[in-house]
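# Observations on the three-dimensional arrangement
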Protein chains: 2
Amino acid sequence: MARKSKKEAEQTRQQIIEAARTVFQRHGVAQSTLEQVANVAGLSRGAVYWHFRNKSELFHAMRADVLEPMIGRVDAVLFDEGYADPLDAIEAALRELFLVLDESATLRQVLEIMVLRCEQVDELVALQAEVERPGDAFLQKVERVYHRAALHGSLAAGLQPAALALDTWIFVSGLLHKLIARGFDAYLSGEVGGMIELHMRLRRRVNLSGC
Amino acid sequence: MARKSKKEAEQTRQQIIEAARTVFQRHGVAQSTLEQVANVAGLSRGAVYWHFRNKSELFHAMRADVLEPMIGRVDAVLFDEGYADPLDAIEAALRELFLVLDESATLRQVLEIMVLRCEQVDELVALQAEVERPGDAFLQKVERVYHRAALHGSLAAGLQPAALALDTWIFVSGLLHKLIARGFDAYLSGEVGGMIELHMRLRRRVNLSGC
DNA sequence: GGGTTTATACATTCAGACGTGTATGTATAA
DNA sequence: TTATACATACACGTCTGAATGTATAAACCC
């Protein structure tokens, strides 16, 4: 009824986005109504239409800037020169990735919506490209570090950096999908550390001292 | 207008399912209309409602019995006693899995719909369980074979069958998702064989003859 | 700084399109 | 003769987007 101050308006905008996360997660993006979003936010549909042109724009606003912090933190570890072995940097980066997920419930929620509760089609088709792009970038970054590992001599014999990077990327993607599908349950989450350790151990040059 | 024979009726039922695959893949399940399905099938909505109670039932009919042949063929290879090394059986089973995918365009289409073009929620929530179940079963089967490999002495040192099975399952899941996301493009499809080979090679006991 | 104006931040209302499910019609296979 | 395999028609609810209303924060003016 009454006009709010700019700060309050920005706050209601965030309320709407938060409500959208809740509603999208519960009913799926396509099945969700802007009235449901408005109700959960304690507002009217008019407020939603004031801040966003339609559901599609609200969806994109919801997922904007949730991936960047994850990517930034992982890259920081991946390219950290402090590790004696490049393989250690990759292993630490993988751990960092799932640590970020563990810390941010919002990120988990948005990822679940993007993977399970959203039909990747039509207007949201841009989404697919935006989801793929960070992945491809990650693939290339990891490949560079694997290359450094090869030069460093820490790779097991006969392993090609390109193939290893693709395999690691598949591993990360698969693990992410599995965690999301299981709702980040405690069991699988507890296994993540060990799986990363195993994944990297398989790539390391075996210690031949006992041979 | 005219009543069809039973055979013709079954044929139109298949036409509807085929049209549903086309429409669902293009627009997403939630955004698809039964009229769109009817149009693509060259029928009226009445025909669709005659054969299926609603969109949900049509969806379930569409995906019924598309996974079974895949599971059956993979299991047949996985449990084939003819392989000298259990790890060879696992590797062959993985190849068989992606060979089935390569052979059946319908299976690829349905998988794409289930993974990308469908909001896993509400009535379709049963879907998630049905997608997970074969996966869990696969996990257990692979674990048993890894166990046999351990007894057979073909596993590299320090590797636990349970962890390996989980890792292989993650690998398969990740590779599947990646292929689907890329629309089974030629590049990635060509890499599959090499990736499977790499995945299994990392688990095999290294030949110490040159040591 | 006080009064006026204006743009803002919503709430409410409305028309229209759309999709669903069912009811009805109908020619024909059984 | 009857049940089947559809096509057609209808009633209903629902969601959208825009139009309108409105109280007030903010900008402007003196």
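Residues numbered from 1 in each chain as written. Chains lettered and ligands numbered in written order. Predicted model: local features only at pLDDT ≥ 70, side-chain atom pairs only at ≥ 80, totals over all residues. Heavy atoms only, no water.

### Some details on the protein's contact with DNA strand C
The environment of DNA strand C is made up of 24 residues, and the closest members are R3 and S44 of chain A together with R3, R45 and Y49 of chain B. Within 4 Å of the protein, the contacting atoms of DNA strand C are drawn from sugar and phosphate to the extent of 64%. The contact in question runs from a phosphate oxygen of DNA strand C to an N or O atom on the side chain of T12 of chain A, over 2.6 Å. One nitrogen or oxygen atom from the side chain of S44 of chain A is found 2.5 Å from a phosphate oxygen belonging to DNA strand C. Those elements that provide at least two residues to the surface near DNA strand C are α1 (6-27) and α3 (45-51) of chain A together with α3 (45-51) of chain B. Counting residues per element, the surface near DNA strand C draws most heavily on α3 of chain A, which supplies 5 residues. The residue inventory of the surface near DNA strand C, partitioned by class, reads 9 nonpolar, 7 polar and 8 charged. (Near = heavy atom within 4 Å. Polar contact = N/O pair within 3.5 Å; in protein donor to acceptor, adjacent residues only side chain to side chain. Helix = DSSP H or I, 4+ residues; strand = E, 2+ residues; numbered from the N terminus. Nonpolar A, V, L, I, M, F, W, Y, C, P; charged D, E, K, R; others polar.)

### Re the packing of helix α1 (residues 6-27) of chain B against helix α7 (residues 105-115) of chain B
Residues and elements named next belong to chain B. Where α1 meets α7, the closest approach of the two axes is 9 Å, and the angle between their N-to-C directions is 45 degrees. Relative to α7, the element α1 is oriented oblique. Between α1 and α7 the crossing geometry is left-handed. Of the residues in α7, those in contact with R21, T22, F24 and Q25 of α1 are T106, Q109, V110, E112 and I113. (Axes fitted to C-alpha atoms, helices over the stretch in contact; angles between N-to-C directions. Parallel < 35°, antiparallel > 145°, perpendicular 65-115°, else oblique. Left-handed = near helix turned anticlockwise from the far one by under 90°. Contact = heavy atoms within 4.5 Å.)

### Side note on the side chain of K178 of chain A
As for its placement among the helices and strands, K178 of chain A is situated in helix α9 (residues 161-181). A residue is classified by how much of its surface remains accessible, and K178 of chain A, at 7% relative accessible area, is buried. Residue contacts for K178 of chain A: discarding those within four places in its chain leaves L188 of chain A together with E132, W169 and I170 of chain B. (Buried < 20%, exposed > 50% of the residue type's maximum accessible area, 1.4 Å probe, protein only.)

### A word on the protein's contact with DNA strand D
Taken together, 23 residues form the shell around DNA strand D, and within it R3 and R45 of chain A together with R3, T12 and S44 of chain B come nearest. Looking at DNA strand D alone, sugar and phosphate atoms form 66% of those within 4 Å of the protein. Separating a phosphate oxygen of DNA strand D from a side-chain N or O atom of K4 of chain B is a distance of 3.4 Å. Interatomic distance of 2.4 Å between a side-chain N/O atom of S44 of chain B and a phosphate oxygen of DNA strand D. For the surface near DNA strand D, the elements supplying multiple residues, two or more each, are α3 of chain A together with α1 and α3 of chain B. Ranked by the residues each element gives to the surface near DNA strand D, the list is headed by α3 of chain B, at 4 residues. Each residue belonging to the surface near DNA strand D can be placed in one class, and the counts come to 9 nonpolar, 7 polar and 7 charged.

### Thoughts on the interface of chain B and chain A
Taken residue by residue, the interface counts 44 residues in chain B and 44 residues in chain A. Interface of chain B and chain A: buried area, both sides summed, is about 3600 Å²; carbon and sulfur atoms make up 57% of it. When the buried area of chain B at its contact with chain A is split by residue, E119, I170 and L202 of chain B rank highest and sum to 18% of it. Counting across the chain B and chain A interface gives 2 salt bridges. One salt bridge in this structure joins R182 of chain A and D136 of chain B, with 2.7 Å as the shortest N-O distance. Counting every contact that joins chain B to chain A gives 12 residue pairs in polar contact (both at pLDDT 80 or more). Counting residues per element, the ones that place at least two in the side of chain B that touches chain A are α1, α8 (125-152), α9 (161-181) and α10 (186-201) of chain B. (Buried area = accessible area lost by both parts, 1.4 Å probe. Salt bridge = Lys/Arg side-chain N within 4 Å of Asp/Glu carboxyl O.)

### Focus on the packing of α1 of chain A against helix α2 (residues 34-41) of chain A
Residues and elements named next belong to chain A. Put simply, α1 and α2 touch, their axes get as near as 8 Å, and they point 125 degrees apart. With respect to α2, the element α1 is oriented oblique. As α1 runs across α2, the sense of the crossing is right-handed. Across from Q15, I16, A19, A20, V23 and H27 in α1, the residues of α2 making contact are Q36, V37, V40 and A41. Looking at the contact of α1 with α2, its residues break down into 7 nonpolar, 3 polar and no charged.

### Considering the environment of G190 of chain A
Mapped onto the elements of the fold, G190 of chain A is located in helix α10 (residues 186-201). Sequence separation of G190 of chain A and E8 of chain A is 182 residues, and the distance between their C-alpha atoms is 41 Å.

### Some thoughts on the pattern of salt bridges
All names here are of chain A. This structure, assessed with the given rule, holds 24 salt bridges over all chains. Among the ionic pairs, D88 bridges to R204, the shortest N-O distance being 3.0 Å. Of this pair, D88 sits in helix α6 (residues 86-103) while R204 sits in the segment after α10; the two residues are 116 residues apart in sequence, bridging distant segments of the chain. With a relative accessible area of 22%, R204 lands in the partly exposed category. The structure contains a network of salt bridges with shared partners spanning D85, D88, E91, R95 and R204.

### Concerning the environment of V145 of chain A
Residues and elements named next belong to chain A. Here V145 shows up in helix α8 (residues 125-152). Residue V145 is classed as buried on the basis of its relative accessible area of 0%. With 66 residues separating them along the chain, V145 and F79 place their C-alpha atoms 8.0 Å apart. Sequence-distant contacts of V145, defined by excluding residues within four places in its chain, comprise L78, F79, P86 and I90.

### Details of the packing of aromatic side chains
The tally for this structure, following the rule as stated, stands at 4 aromatic pairs over all chains. With 6.2 Å between their ring centres and 50 degrees between their planes, F24 of chain B and F59 of chain B make a pair best called tilted. With F24 of chain B in helix α1 and F59 of chain B in helix α4 (residues 55-63), this residue pair connects regions lying 35 residues apart in the sequence. For F24 of chain B, a relative accessible area of 0% corresponds to the buried category. Lying over the aromatic face of F184 of chain A, R108 of chain A brings its terminal NZ or CZ to 5.8 Å of the ring centre. (Phe/Tyr/Trp six-rings, centres within 6.5 Å; stacked < 30°, edge-to-face > 60°. Lys NZ or Arg CZ within 6 Å of the ring centre and 35° of its normal.)

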